[in-house]
Each structure stands twice: as C-alpha cells, then as structure tokens.
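# Per-entry structural report
Residue-level listing of the chains:
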Amino acid sequence: MGRSEFPIDKQCARRAFARAADSYDAAAVLQHEIGQRMLDRLDYVKLKPRRILDIGCGTGVATEKLLRRYPKAEVLALDFALPMLEHTRRRGRWLRRPRCLCADLDQLPLAAQSVDLVFSNAAIQWSADPAGAIAEMHRVLRPGGLLMFSSFGPDTLHELRAAWGEVDGRAHVHGFVDMHDYGDMLLAAGMADPVMDAERITLTYADTLALMRDLKAIGANNAAADRERDLTGPRRMAALARAYERFRDADGRLPASYEVVYGHAWAVEQRRAGGEVLISPETLRRR
C-alpha cells in the first residue's frame with residue numbers, strides 16, 4: 001500500500017459533498033448514468049449476495065436499485081458525508097431500508113469476509129490511498145465475492161485542465177489514476193480475474209459558468225492537497241471562459257469530456273490467523 005499519486009484533502013472533499021447533498025441528484029446526470037451501466041453489468045453475473053456494500057453511495061440512487069435487484073440481501077450504504085446519508089436512509093420501503101454507515105472507504109468499519117458484493121460508483125478517486133482502499137474492499141469480501149467499481153481516468157476534464165493551464169498554470173482539476181494502474185492494484189490485493197475497461201462520455205454546456213455550477217452542485221470541487229487556497233475571482237473566471245472557447249464544437253456547445261473507468265474482480269481466498277485459507281466452490285468452478 002502507498003499514498004495516492006494525487007494527494008487528497010479529505011476534509012475539503014467531505015465538506016464539499018456535504019454542502020452538495022441537496023443539489024446532487026439534479027446535477028449528477030453522469031454519475032447516475034454510470035451507476036446504471038454498472039447495475040446493467042450485474043445481469044451477466046451469477047451472484048446471490050446475502051450482504052451488499054455500496055461504497056460512496058451519495059444520495060442512495062444506486063443503493064435503492066440494489067435493494068430492488070436483490071430483495072433478500074441486506075444492503076449497507078457507506079459515505080463519508082453525513083448529509084448524503086440523510087437522503088440515502090429514506091430509500092427503499094418502510095420495512096426494508098438500507099443500513100447507513102458514515103465512514104471512510106480507506107478504513108471500512110466492517111469485519112473481514114462479511115460482504116458478498118462491494119459496489120462502488122465514482123468514489124475511489126476520493127481515496128487517499130487507492131491501492132489500500134482496494135485491499136480494504138478485498139478484506140471485507142467473502143471468498144467468491146465480487147468487487148465492482150467505477151472511477152475516472154486521466155483524460156477526464158482535459159478541456160478544463162488545458163484552459164486553466166492557459167490562465168495561470170496552477171492545478172485546478174483533480175488528478176486521476178490510470179485504468180491499468182487500477183488493474184495492477186486489484187492484482188496486488190490478491191483478487192482474481194480482474195477486468196478493466198473504459199469509455200468516453202462527453203457532456204456539453206452553453207458556457208463555462210454552467211459547467212462550474214454543475215461541478216459545484218455535485219461536490220466535485222478541486223480537493224487536491226496542493227491546490228491553491230485563494231478564491232477564484234471574476235477576472236480569472238473571465239480568462240478561463242476565453243481560454244475554453246477554443247473547444248467550442250460545431251453545435252456551439254462547450255464539451256466536458258470524461259474517461260470513465262470500470263473494474264471488477266473476484267475475492268478468491270484470504271488467509272486467516274493460523275494460516276487457514278478459504279476458497280469458495282464458485283471460484284474453483286469459474287477457474
């Protein structure tokens with residue numbers, strides 16, 4: 001395990017997501033779409049989980065869909081921003097709601113080998129130690145359990161990064177881990193049959209102000225530990241708008257590109273104290 005290549009100010013990120021709890025669902029069109037695409041992938045997986053952990057659940061949109069998809073499973077919803085969980089706790093039906101945990105994905109407050117499915121949509125990029133976070137996810141999975149996650153790759157918001165580079169050369173956009181590095185982390189954590197893939201999704205805006213408002217509404221502020229702490233004044237925002245203009249497309253819209261990364265892998269075996277190794281029959285059949 002090691003620290004992230006892109007150090008995060010966790011307190012800053014937590015405050016941003018807490019402030020965004022009420023505005024999140026209206027602006028998180030991309031995040032909801034990615035979550036649905038992840039859920040669709042579960043159609044091809046033979047898994048009957050007894051306990052599911054939704055890491056970085058946000059307002060619980062995917063959590064509720066997991067409750068419906070697996071009606072016999074206990075669903076745990078984890079997020080580090082308590083106001084987000086206030087929305088999640090109302091998901092589901094009166095007699096069957098998710099159990100909410102306010103905690104950090106880098107230190108999961110769960111027993112080893114206690115979960116059958118770990119589902120994490122667009123959350124691991126907020127880890128201070130992505131390799132350690134994946135190891136934690138593996139730790140809580142039972143042998144034969146599945147980890148499915150999504151994140152963003154290095155080309156995400158490259159237009160915004162380039163435009164800011166013309167304004168002042170400072171880091172205004174969070175850095176993102178490469179897809180292949182995530183694959184290496186899955187292998188290093190001891191997980192089996194890792195699969196990584198990526199796709200490009202582009203959102204378009206009338207102007208840069210609309211883009212910046214959307215990012216703020218979902219809590220996706222720049223939380224890099226080495227970010228500039230001064231406020232962005234109107235003069236620099238105007239300079240950003242001018243620099244971004246070179247990306248305006250034929251339809252007169254400004255693009256914001258996202259490299260969406262998907263990954264999944266299986267928990268094969270984990271050693272307990274005393275050297276005992278647990279291997280599931282499902283894993284042996286799959287191999």
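Residues numbered from 1 in each chain as written. Predicted model: local features only at pLDDT ≥ 70, side-chain atom pairs only at ≥ 80, totals over all residues. Heavy atoms only, no water.

### Section: the overall build of the chain
The cut-off we apply is this: A run of DSSP states H or I qualifies as a helix once it reaches four residues; a run of E qualifies as a strand once it reaches two. Both are numbered from the N-terminal end. Categorising residues by exposure relies on relative accessible area from a 1.4 Å probe, with only protein chains included: less than 20% of the type maximum marks a residue as buried, more than 50% marks it as exposed, and the intermediate range marks it as partly exposed. Here, two residues are considered to be in contact whenever any of their heavy atoms come within 4.5 Å of each other. We get accessible surface area from the Shrake-Rupley algorithm with a probe of 1.4 Å; when it comes to residues, only the shown protein chains can shield them.
When you go through the chain residue by residue, the secondary structure sums to 11 helices and nine strands. By the burial criterion, 53% of the 287 residues in the chain qualify as buried. Across the chain, every contact between residues at least 6 apart in sequence was considered, and the portion connecting residues at least 24 apart equals 78%. Accessible surface, the chain as shown: approximately 14000 Å² in total, 51% of it carbon and sulfur.

### Some points on the packing of aromatic side chains
Think of a pair of aromatic rings as described by two things: how far the centres are apart, and how the planes are tilted against each other in angle. So the rule is basically this: Pairing of aromatic rings covers Phe, Tyr and Trp, the last through its six-membered ring, and needs centres within 6.5 Å; plane angles under 30 degrees mean stacked, over 60 mean edge-to-face, and all others mean tilted. Think of it as a cone above the ring: NZ of Lys or CZ of Arg counts as a charge over the ring if it is within 6 Å of the ring centre and within 35 degrees of the ring normal.
One pass over the structure, following the stated rule, counts six aromatic pairs. Three or more aromatic residues joined by ring pairs make a cluster, and in this case those are Phe17, Phe80 and Trp126. Across the ring face of Tyr262, the terminal group of Arg41 is positioned such that the distance to the ring centre comes to 4.0 Å.

### Here we look at the environment of Leu215
In this structure, Leu215 sits in helix 9 (residues 208–217). Residue classification places Leu215 among the buried positions, given a relative accessible area of 10%. When the C-alpha positions of Leu215 and Ala20 are compared, they lie 9.7 Å apart, and in sequence the two are 195 residues distant. Residue contacts for Leu215: discarding those within four places in its chain leaves Leu157, Leu160, Ala220, Asn221 and Tyr258.

### Considerations on empty space enclosed by the protein
Rules: Within this scheme a cavity is a closed region of a 1 Å grid, computed over the protein atoms alone, that accommodates a 1.4 Å probe without allowing it to escape, whereas a pocket is open but has protein on both sides within 12 Å along at least five of seven lines; lining residues each have an atom within 4 Å of a point. Grid points are joined across faces, edges and corners, and a volume is the space filled by probe spheres set on the points.
Using the criterion set out here, one finds two cavities of 30 Å³ or more in the structure. Size it by volume and the largest cavity reaches roughly 70 Å³. Lining the largest cavity are Ala27, Ala28, Val29, Leu30, Gln31, Leu203, Tyr205, Asp214, Leu215, Ile218 and Tyr258. Every element with two or more residues in the lining of the largest cavity is listed here: helix 3 (29–41), strand 6 (192–205) and helix 9.

### Here's the deal with the sheet that holds strand 4 (residues 115–120)
We apply this condition: For two strands to count as paired, DSSP must find a minimum of two bridges between them. Comment: axis = line fitted to C-alpha atoms, over the contacting stretch for helices; angle = value between 0 and 180 degrees taken between N-to-C directions.
Spatially, seven strands are ordered 3-2-1-4-5-7-6 in an open sheet, and the strand pairing comes out mixed. The open sheet has two free edges, formed respectively by strand 3 (99–102) and strand 6, since each of these has just one partner strand. Averaged over all neighbouring strand pairs, the angle between strand axes comes to 15°, with direction disregarded. Relative to strand 7 (residues 254–266), strand 5 (residues 141–152) runs antiparallel, the two being bridged by seven bridges. Opposite Leu146, over in strand 7, you have Trp266 as the bridge partner.

### Looking at the side chain of Asn121
To keep things clear, this is the line we draw: Throughout this description, a polar contact denotes any pair of N or O atoms lying within 3.5 Å of each other; where both atoms belong to protein, one of them has to be capable of donating a hydrogen while the other can accept it, and for residues adjacent in sequence the pair is counted only when both atoms sit in side chains.
Mapped onto the secondary structure, Asn121 falls in the loop between strand 4 and helix 6 (130–140). Polar contacts involving the side chain of Asn121 include one to the main-chain carbonyl oxygen of Gln31, which spans 2.9 Å. Within the structure, the side chain of Asn121 is placed 2.7 Å from the side chain of Ser150, a separation counted as a polar contact. Apart from residues no more than four positions distant in its own chain, Asn121 is found in contact with Gln31, Ile34, Gly35, Met38, Ile55, Gly56 and Ser150.

### Comments concerning the nonpolar core
Defined as follows: By nonpolar core we mean a set of buried residues, namely Ala, Val, Leu, Ile, Met, Phe, Trp, Tyr and Cys, connected to one another through side-chain atoms within 4.5 Å.
Counting 40 residues, the largest nonpolar core has Leu42 and Leu160 as the members making the most contacts within it. The greatest single-element share of this core, amounting to six residues, is contributed by strand 7. Setting aside its immediate chain neighbours within four residues, Leu42 contacts Leu66, Arg69, Tyr70, Leu117, Phe119, Leu146 and Met148. If you look at the next biggest cluster of nonpolar residues, it comprises 29 residues, including Leu108, Met137, Met191 and Met196.

### Some thoughts on the packing of helix 9 against helix 10 (residues 234–244)
Selection criterion: Throughout, the term roughly parallel applies to angles under 35 degrees, roughly antiparallel to angles over 145, roughly perpendicular to angles from 65 to 115, and oblique to all others. When residues are grouped by polarity, Ala, Val, Leu, Ile, Met, Phe, Trp, Tyr, Cys and Pro land in nonpolar, Asp, Glu, Lys and Arg in charged, and all others, Gly among them, in polar.
Closest axis-to-axis distance for the helix 9/helix 10 pair is 10 Å, and the angle between their directions is 110°. Taken together, the axes of helix 9 and helix 10 lie roughly perpendicular to each other. Packed against helix 9, whose contacting residues are Thr208, Leu211 and Met212, the element helix 10 presents Met237, Leu240, Ala241 and Tyr244 at the interface. The residue inventory of the contact of helix 9 with helix 10, partitioned by class, reads six nonpolar, one polar and no charged.

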